[in-house]
Amino acid sequence: MSAQPPLRVVIADDQGLVRTGFRMILTAAGIEVVGEAADGAEAVDAVRRTRPDLVLMDIRMPGLDGLEATRRILTGAAADPRVVILTTFDLDQYVYAALAAGASGFLLKDVTPEYLVAAVRLVRAGDALLAPAITRRLVERFAAVGGRGSTVHRDLAALTPRELEVLRMLAGGLSNAELARGLGVSEATVKTHVTRILSKLGLRDRAQAVVAAYESGLVTPGAAAP
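None of the values given here were measured: they were computed from a predicted structure.

(A) Representation of the overall build of the protein chain. Helix and strand counts for the protein chain come out as ten helices and five strands. Per-residue burial for the protein chain yields a buried fraction of 47% across its 226 residues. Sequence-distant contacts in the protein chain: of pairs separated by 6 or more residues, those separated by 24 or more amount to 69%. Carbon and sulfur atoms provide 53% of the accessible area of the protein chain, an area that totals close to 10600 Å².

Here's what the structure looks like:
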């Protein structure tokens, strides 16, 4: 079986030291950094030129910020890259808006080298990068105000009762293994349910599913975790 091609990444951050540090960490792990950008406009251009698998996107940059850059990058074909938001704060309203726009998760800038590499590979594999406790607080805090004008909100009528149950639990930040234990099924069955939910609602990944669960009213901010 042929080896998987190297993961190709663009790093967008207005701090040169951050870009350099991340490039060194990723390159040492065999991940190819195909472009760098100091602002959102440069990030959009770099993505169009290099067609990376993933973008590490600083949310706060001069000129065109990371939020608008994310929207522009993810407005297109299904082959668009995954976007992971870089932020200094774990409760940032712009991070919520980026998740609603299609970002696959977020990382704090003081992430360890090991976690950075693992996170990039996780998102490349098609999962969303959601730290359950942080994500739940983030969505609960900003769902009421951040959902205005969002493209994530979906009518959940297409979902079966079982799929609604899975989505409700998913919104609590549970992993596939935790969902499987809670539902008394295999992880393969959980993956099938999640895939069907995303397909029926036209969502990119689990990050948008969490946002949709709150914005649709399926989960109420402040409610007990499932």
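(B) View of the sheet that holds strand β3 (residues 54-58). Pairing is parallel in the open sheet, where five strands are placed in the order β2-β1-β3-β4-β5. Only two strands of the sheet have a single neighbouring strand rather than two, namely β2 (32-37) and β5 (105-108). Between one strand axis and the next, the sheet turns by 25 degrees as a mean value, whatever way the strands run. Note: strand β4 (residues 82-87) against β5, four bridges, orientation parallel. When the sheet's bridge partners are listed, Leu86 is paired in β5 with Leu107.

(C) Spatial organisation of the environment of Leu218. Looking at the element boundaries, Leu218 is found in the segment after α10 (206-215). The spacing of Leu218 and Glu165 is 53 residues in sequence and 9.6 Å in space, taken between C-alpha atoms. Ignoring anything within four residues of it in the chain, the contact list for Leu218 reads Leu156, Leu164, Leu167, Arg168 and Ala213.

(D) Summary view of the packing of helix α7 (residues 161-170) against helix α9 (residues 187-201). Running from N to C, α7 and α9 point in directions that differ by 100 degrees, and their axes come no closer than 10 Å. When the axes of α7 and α9 are compared, the pair comes out roughly perpendicular. Contacts between α7 and α9 pair Arg162, Glu163, Val166 and Leu167 from the former with His193, Val194, Arg196, Ile197, Lys200 and Leu201 from the latter. When grouped by side-chain class, the residues that make up the contact of α7 with α9 number five nonpolar, one polar and four charged.

(E) Examining the pattern of salt bridges more closely. Counting across every chain of the model gives nine salt bridges. With its nearest N and O atoms 3.1 Å apart, the salt bridge here joins Glu36 to Arg19. Of this pair, Glu36 sits in strand β2 while Arg19 sits in helix α1 (residues 16-28), and the two are 17 residues apart along the sequence. Its relative accessible area of 16% is what places Arg19 among the buried residues.

(F) Fine view of the side chain of Asp13. Here Asp13 is to be found in the loop between β1 (8-12) and α1. According to the relative accessible area criterion, Asp13 is buried, its value standing at 0%. Of note is the side chain of Asp13, whose polar atom sits 2.8 Å from the backbone nitrogen of Gln15. Only 2.9 Å separates the side chain of Asp13 from the side chain of Lys109, close enough to count as a polar contact. Not counting residues up to four positions away in its chain, the partners in contact with Asp13 are Val18, Arg19, Ala37, Ala38, Asp58, Met61, Leu86 and Lys109.

Conventions used here
Residues numbered from 1 in each chain as written. Predicted model: local features only at pLDDT ≥ 70, side-chain atom pairs only at ≥ 80, totals over all residues. Heavy atoms only, no water. Helix = DSSP H or I, 4+ residues; strand = E, 2+ residues; numbered from the N terminus. Buried < 20%, exposed > 50% of the residue type's maximum accessible area, 1.4 Å probe, protein only. Contact = heavy atoms within 4.5 Å. Areas by Shrake-Rupley, 256 points an atom, 1.4 Å probe, with all protein chains shown as cover. Pairing = 2+ DSSP bridges. Axes fitted to C-alpha atoms, helices over the stretch in contact; angles between N-to-C directions. Parallel < 35°, antiparallel > 145°, perpendicular 65-115°, else oblique. Nonpolar A, V, L, I, M, F, W, Y, C, P; charged D, E, K, R; others polar. Salt bridge = Lys/Arg side-chain N within 4 Å of Asp/Glu carboxyl O. Polar contact = N/O pair within 3.5 Å; in protein donor to acceptor, adjacent residues only side chain to side chain.

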